[in-house]
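# Remarks on the overall topology
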Amino acid sequence: MKVCIAEKPSVAREIAAILGATARRDGYFEGNGYQVTWTFGHFCTLKEPHEYSPQWKSWSLAVLPMIPPRFGIRLIENEGVKKQFAVIEKLLSQADEVINCGDAGQEGELIQRWVMQKAQNKAPVKRLWISSLTEESMREGFSNLKDQAAFDKLYEAGLSRAIGDWLLGMNATRLYTVKYGQNKSVLSIGRVQTPTLALIVNRQLEIENFTPEPYWELKTVYRETTFSATKGRFTKKEEGEKFLEEIKGSEFEVTDVSIKKGEEAPPRLFDLTALQVECNKKFAFSAEDTLKTIQSLYEKKLTTYPRVDTTYLSDDMYPKVPAILRGLAGYEELAKPVLAAAKIPKSKKVFDNSKVTDHHAIIPTGVRANNISADERKVYDLITRRFIAVFYPNCKISTTTVLGEAAKVEFKVTGKQILEPGWRVVFEKQADTTNSPNKEEEENDKDESGILPSFTKGEKGPHEPALNEKWTQPPKYYTEATLLRAMETAGKLVEDDELRDALKENGIGRPSTRAAVIETLFKRNYIRKERKNLHATKTGVELIGTIKEELLKSAELTGIWEKKLRQIEKNEYDPRQFIEELKEMLGQIVVNVKNDWGNTITIEETPKVVEEKPKKKAAKPKDPNAPKKPRAKKEKEPKPKTAEPLICPLCKKGTVLKGKAAYGCSEWKAGCVFRLSFEDVGNMDLKTLIEEKF
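From a predicted model like this one, the values you see are computed outputs, not experimental measurements.

### A closer look at the overall build of the protein
Assigned secondary structure in the protein consists of 24 helices and 21 strands. The burial tally for the protein puts 48% of its 694 residues in the buried class. A total accessible area of about 37,400 Å² is found for the protein, and carbon and sulfur atoms account for 49% of it.

### Section: the packing of aromatic side chains
Going through the model one piece at a time under the given rule, you end up with 22 aromatic pairs. In this structure, R203 packs its charged tip against the face of Y478, placed 4.3 Å from the ring centre. Sitting above the plane of the Y318 ring, K346 keeps its charged end 5.3 Å from the centroid.

### Quick notes on the sheet that holds strand β12 (residues 252-264)
Within a sheet, neighbouring strands are paired by backbone hydrogen bonds and run either parallel or antiparallel to one another. Within the open sheet, the 7 strands sit side by side as β15-β12-β13-β14-β11-β10-β16. Their pairing is antiparallel. Each edge of the open sheet is held by one strand with a lone partner, namely β15 (460-461) and β16 (464-471). Here strand β13 (residues 395-406) pairs with strand β14 (residues 409-420) via 11 bridges, running antiparallel. Bridging from a neighbouring strand, K396 pairs with E420 of β14. Across the sheet, helix α8 (residues 237-248) lies against β10 (214-222), β11 (225-234), β13, β14 and β16, angled at about 170° from β16, the strand it touches most.

### Some remarks on the confidence of the model for the protein
Parts of the model with low pLDDT should not have their predicted coordinates read in detail. Averaged over the protein, the pLDDT score is 87; the fraction of residues at 70 or greater is 86%. Low pLDDT (under 50) marks residues 431-435, which in the prediction has 3 contacts with non-local residues, meaning those over four places away or in another chain. Within the model, the stretch residues 439-449 combines pLDDT values under 50 with 9 contacts to residues more than four positions away or in other chains.

### Quick look at a positive patch on the surface
Positive charge collects at one region of the surface, where K292, K523, K652, K653 and K687 lie side by side. Assignment of secondary structure puts K687 in helix α24 (residues 686-693).

### Some words on the pairing of strand β17 (residues 527-530)
Inspection of the sheet shows β17 paired to strand β18 (residues 533-536) by 4 bridges, in the antiparallel sense. Paired with E530 across the two strands is N533, which belongs to β18. Linking β17 to β18, which pair antiparallel, is a turn of 2 residues; within it R531 sits at a positive phi near 60°.

### Quick look at the sheet that holds strand β2 (residues 23-25)
Spatially, 7 strands are ordered β2-β3-β4-β1-β7-β8-β9 in an open sheet, and the strand pairing comes out mixed. Each edge of the open sheet is held by one strand with a lone partner, namely β2 and β9 (146-147). In this sheet, strand β4 (residues 34-38) lies alongside strand β1 (residues 2-6) in parallel orientation, the contact comprising 5 bridges. Each residue of the ladder has a partner; that of A6, found in β4, is W38. Sheet contacts for helix α1 (residues 9-19): β1, β3 (28-31), β4 and β7 (97-101); angle to β4, the most-contacted strand, approximately 170°.

### Let's talk about the environment of T45
Following the sequence through the fold, T45 ends up in strand β5 (residues 44-46). The spatial distance from the C-alpha of T45 to the C-alpha of I111 is 8.6 Å, given a sequence separation of 66 residues.

### A look at α1
The complete set of buried residues in α1 reads V11, A12, I15, A16, I18 and L19. Down the axis of α1, the buried set is contained in an arc of 160°. They therefore lie on one face. Here the buried face of α1 lies against β1, β3, β4, β7 and α5 (135-143).

### So, unusual backbone geometry
Residues other than glycine predominantly adopt negative phi, and peptide bonds predominantly adopt the trans conformation. Here the bond from L64 into P65 is cis, since omega is 0°, no more than 30 degrees from zero. With respect to the secondary-structure elements, P65 resides in the loop between α2 (49-52) and β6 (73-75). Although it is not a glycine, N371 sits at a positive phi angle of roughly 50°.

### A look at the nonpolar core
Ranked by size, the top nonpolar core spans 153 residues in total, and within it I15, V36, L275, I294, L313, L325 and F387 carry the most contacts. Sort the elements by how many residues they give to this core and helix α6 (residues 152-180) lands first, with 12 residues. Formed by 18 residues, the second largest nonpolar core is a distinct cluster that contains L218, V402, V413 and L467.

### Comments concerning the packing of helix α9 (residues 272-283) against helix α13 (residues 374-389)
Where α9 contacts α13, the axes come no closer than 11 Å and their chain directions differ by 120°. By the angle between their directions, the pair α9 and α13 is classed as oblique. Of the two possible hands of crossing, α9 and α13 adopt the one that is right-handed. Touching L275, E278, C279, K282 and F283 of α9 are K378, V379, L382, I383 and R386, all from α13. Across the contact of α9 with α13, the residue classes tally to 6 nonpolar, no polar and 4 charged.

### A word on the side chain of H463
Here H463 lies in the loop between β15 and β16. At 2.6 Å, the side chain of H463 and the side chain of T220 are in polar contact. Within the structure, H463 has its side chain in polar contact with the backbone oxygen of S250 (distance 2.8 Å).

### Considering α13
For α13, which comprises 16 residues, the first-to-last C-alpha distance of 22 Å matches the rise-based estimate of 22 Å (1.5 Å per residue) to within 8%. The buried count for α13 comes to 12 of 16 residues, which makes it a mostly enclosed element. Among all positions of α13, only E376, V379, Y380, D381, L382, I383, T384, R385, R386, F387, I388 and A389 are buried.

### Quick notes on the packing of α6 against helix α22 (residues 575-594)
As a packed pair, α6 and α22 sit with axes 10 Å apart at the nearest point and diverge in direction by 5°. In terms of their interaxial angle, α6 and α22 are classed as roughly parallel. Where α6 abuts α22, its residues E156, S160, I163, G164, L167, L168, N171, L175, Y176, K179 and Y180 lie against P575, F578, I579, L582, K583, M585, L586, I589, V590, V593 and K594. By residue class, the composition of the contact of α6 with α22 is 15 nonpolar, 3 polar and 4 charged.

### Side note on the pattern of salt bridges
Using the criterion set out here, one finds 38 salt bridges in the structure. Put simply, K282 and E278 hold a salt bridge, and the shortest N to O gap is 3.9 Å. Pair noted here: K282 and E278 are both in helix α9, with a separation of 4 residues, about one helical turn. On the basis of relative accessibility, which here comes to 18%, the residue E278 falls in the buried class. With its nearest N and O atoms 2.9 Å apart, the salt bridge here joins K300 to E376. Note that K300 is positioned in the loop between α10 (287-299) and α11 (321-326) and E376 in helix α13, a separation of 76 residues in sequence. What makes K300 partly exposed here is its relative accessible area of 37%. For E376, a relative accessible area of 7% puts it in the buried group. Within the structure, one salt-bridge network assembled from shared partners comprises R161, D165, R191, E562 and R566.

Reading guide: rules and limits
- Residues numbered from 1 in each chain as written.
- Predicted model: local features only at pLDDT ≥ 70, side-chain atom pairs only at ≥ 80, totals over all residues.
- Heavy atoms only, no water.
- Helix = DSSP H or I, 4+ residues; strand = E, 2+ residues; numbered from the N terminus.
- Buried < 20%, exposed > 50% of the residue type's maximum accessible area, 1.4 Å probe, protein only.
- Areas by Shrake-Rupley, 256 points an atom, 1.4 Å probe, with all protein chains shown as cover.
- Phe/Tyr/Trp six-rings, centres within 6.5 Å; stacked < 30°, edge-to-face > 60°.
- Lys NZ or Arg CZ within 6 Å of the ring centre and 35° of its normal.
- Pairing = 2+ DSSP bridges.
- Contact = heavy atoms within 4.5 Å.
- Axes fitted to C-alpha atoms, helices over the stretch in contact; angles between N-to-C directions.
- pLDDT = per-residue confidence, 0-100.
- Patch = residues over 30% accessible without salt bridge, like charges linked within 9 Å, V, L, I, M, F, W, Y side chains within 5 Å.
- Salt bridge = Lys/Arg side-chain N within 4 Å of Asp/Glu carboxyl O.
- Lys, Arg positive; Asp, Glu negative; His and termini not counted.
- Charge placed at Lys NZ, Arg CZ, Asp CG, Glu CD.
- Arc of directions from axis to C-beta.
- Core = buried A, V, L, I, M, F, W, Y, C linked by side-chain atoms within 4.5 Å.
- Parallel < 35°, antiparallel > 145°, perpendicular 65-115°, else oblique.
- Left-handed = near helix turned anticlockwise from the far one by under 90°.
- Nonpolar A, V, L, I, M, F, W, Y, C, P; charged D, E, K, R; others polar.
- Polar contact = N/O pair within 3.5 Å; in protein donor to acceptor, adjacent residues only side chain to side chain.
- Expected span 1.5 Å × (residues − 1).

Printed below as a string of structure tokens:
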């Protein structure tokens, strides 16, 4: 019997239908020589500190650093997980072959491997590796199953990441909490979380400490066109006024007119970060909202695997392009010119095997997009238009530069004209209909230079010069969009696609985890959102100020660790060396913090919204002759909420409820299996315990 382990019940159902395993059993499907079972999220996790040593149960500086001689895994304390694991364990004990059908990424590989290890699987293992959940893709995947050994390095990278996060998270969190936390709250420290917070704090301090300085710009208006002095800005008003006086009485003469023709390539296909950035800019979606939406589109078979960090397609996708384009319902007019071409273009900026590892860029599958939500439609539209646009011709432009002078003071203006729109026609309708919350900013981001009137070299005429006072501006606060870009490039904000690709190797976090890292910072009350800007709280600022170790808060240094993890995946770096380096670094951090005489950190509580009670209206005088109204029964007023509900850490949809013997999820009827017994919680704060465990 062949046993398939899927990442969730819905995927198991799809696989079972394709394989002919149509008989429903308790916890699995069976038929045609297959048994198809499933996990749902993490079933196993690294053991808690006290499971390695009883003395590690207490939060004490004396026992730090905690470095287990050998790491072990345990099953998550959850009745639903235990029940489903028992099913998997039984099936694996009788299996002739196991097919790992988990999520095709580093995290998915780790989840399934741990389950098989815990179940002590002895059967040979094959791997299903697919980029979309369409029937065609699944059938193709099952006909080309790979040996599990081909993904050993992927697993080792995931394991190294998990161990690294345990070592740093467990030790540094206890270290800073005991030393600086005033016993009020846990001060969470994380390998990716802390340098991300440092980016926000450092930008905020830069803004707060910024001193604006005046400068002056000399401009002149000739034939309703504004020319700028090539001398640039003046730091002294007197210097600018001197030039202004010189040119006032003289004519303006055009000294040169040059026209340069050029082309603009279509925007690149989406990776996850680029999609999150675009959705934040256009629709103000959080990174987490975008990830949930694109995950839903993937599970509905409408788009390909979302947790990717490449903007390229592999060469084997090229023959599939016509079928995908023909399947894009609602986009027929845009797809028609591409399909009508003798040959669909194959650009190296779109198809490049060397830029694709596990999965290609996010594209539509060609499955008809019916019954999707408004938010899903927005995200699907962005992805689909990008996909169509990359097969359109480049946009042809003409750049005109006009030079002029007055009293030998040189001026310049540049304008751009679109000669042939090319790929831009794909986005014309979208630009008209998209009601962007950041429309003003998008307009400002566009090239300020417009279409210029026709100028002739040597022409002269009157002009209107002026000296304008301006002030230097501080850098802008991070938004989720700009923070994601900064995480992707280890704090270096770059616009150039090629340069950004080169810096991705050293980015902090992975595309699939960055949204969760930002959400964690909100949850810990280290940051808050004001409109779309991210501000650090007093706790967040003081925490970063207290951490003296650059290794803990430097995006660049964390980026180097991330690069090593990627190298482990490619078999270019020894995972044991990575862990040893972390242990050595951790030992030094513990010594330094123990010897520090720093202050305590302010624990800023989450602000509570207090609703203002409406003022009572003055009572009208009673009419003694009016008939008496029957007294209405006084309804009981609902009790005010004492605390915000906790979001379930497993399904992220329901809220945590208190039952008779344990805490559970409000979505239990929908299949969520979250459970924490009162015994597990003990005297600990429930919110803190959930954040630590999950």
